Amino acid sequence: MSEKVVTAVFNNIAWCGIVCETHGVTATSSKHIWRTTSKAPTFYPDIITANRCVTMNEVMDIIGNKDISSIKDSFANLELSPFDFKRLFTAEWIYHAPAANLEPVQAGWCHVTAEKDLADWTSVHGSENVIRPELLERPDVKIYLNKKKGEMAGFIASLGADAVGISNVFSSVNSDNVWSDIDKIVSFDFPGLPMVGYERGDGLTAALQSGWTTVGSLNVWVRSSD
């Protein structure tokens, strides 16, 4: 199993746990599975597989009679359609080594530290009531914003598994410019740590064009009835 995939998976588990904490949702982990003990926030999974060796029996035992709406199949090796789940999307785990030449934050970029700026950020990103102000108080999370000439872009960096996770990347105009800046910005704030995340579609294309590499696939499944 690729060490980079494992790092990306465990970093993502840490990030999902952080978001859940801000909503008062607790989580628990076994050897192969991370899960929330109640409903996860919108856009976040109730279950994440943490090991390629997880079996369908283990997943179904965890589900039991619980209200499980979404599962992140971190290694894209489960078939959940017979159990009333449908594949929402397939994505790729991505990796970037620390930038060798550290530079200050690129022109126009700043850290979000005020709730007003966060409200603007979440409004454009579409994550109101999901990305909460409590994240501004955490030393292991940084939220980035770029506002200029009526445009807005942003992303989140979070520590976990000896790496920096990149998530929620967006731009009101062109995300390609965001990805070309991320590794420099993050390496300046978190020197020496690799960067991981997952993307699909145009976001994946932009990341790959900016020097990121793919290290494995994942699937996200949702209840067919949801």
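Check the entry above for the structure.
Heads up: these notes are all about the structure in this document. It should be emphasised that the depicted structure is a prediction, and the values quoted were computed from it without experimental measurement.

1. Description of the packing of aromatic side chains
Point 1. Under the counting rule described, the total for this entry stands at 5 aromatic pairs.
Point 2. Ring plane angle 75° and centroid distance 5.4 Å describe the contact between Trp93 and Tyr198, whose orientation is recorded as edge-to-face. With a gap of 105 residues between them, Trp93 in strand β5 (residues 85–96) and Tyr198 in strand β10 (residues 195–199) connect regions that are remote in the sequence.
Point 3. Among the residues examined, Tyr198 registers a relative accessible area of 24% and is labelled partly exposed.
Point 4. Between Trp109 and Phe155, the aromatic rings sit 5.4 Å apart at their centres with planes inclined by 65°, giving edge-to-face as the arrangement. Here Trp109 is found in strand β6 (residues 109–111), whereas its partner Phe155 is found in strand β8 (residues 151–160), with 46 residues between them in sequence.

2. A few points about the pattern of salt bridges
Point 1. A full pass over the atoms with the stated rule returns 6 salt bridges.
Point 2. Put simply, Glu21, Arg138 and Asp140 are held in one network by salt bridges that share partners.

How each quantity is defined
Residues numbered from 1 in each chain as written. Predicted model: local features only at pLDDT ≥ 70, side-chain atom pairs only at ≥ 80, totals over all residues. Heavy atoms only, no water. Phe/Tyr/Trp six-rings, centres within 6.5 Å; stacked < 30°, edge-to-face > 60°. Helix = DSSP H or I, 4+ residues; strand = E, 2+ residues; numbered from the N terminus. Buried < 20%, exposed > 50% of the residue type's maximum accessible area, 1.4 Å probe, protein only. Salt bridge = Lys/Arg side-chain N within 4 Å of Asp/Glu carboxyl O.

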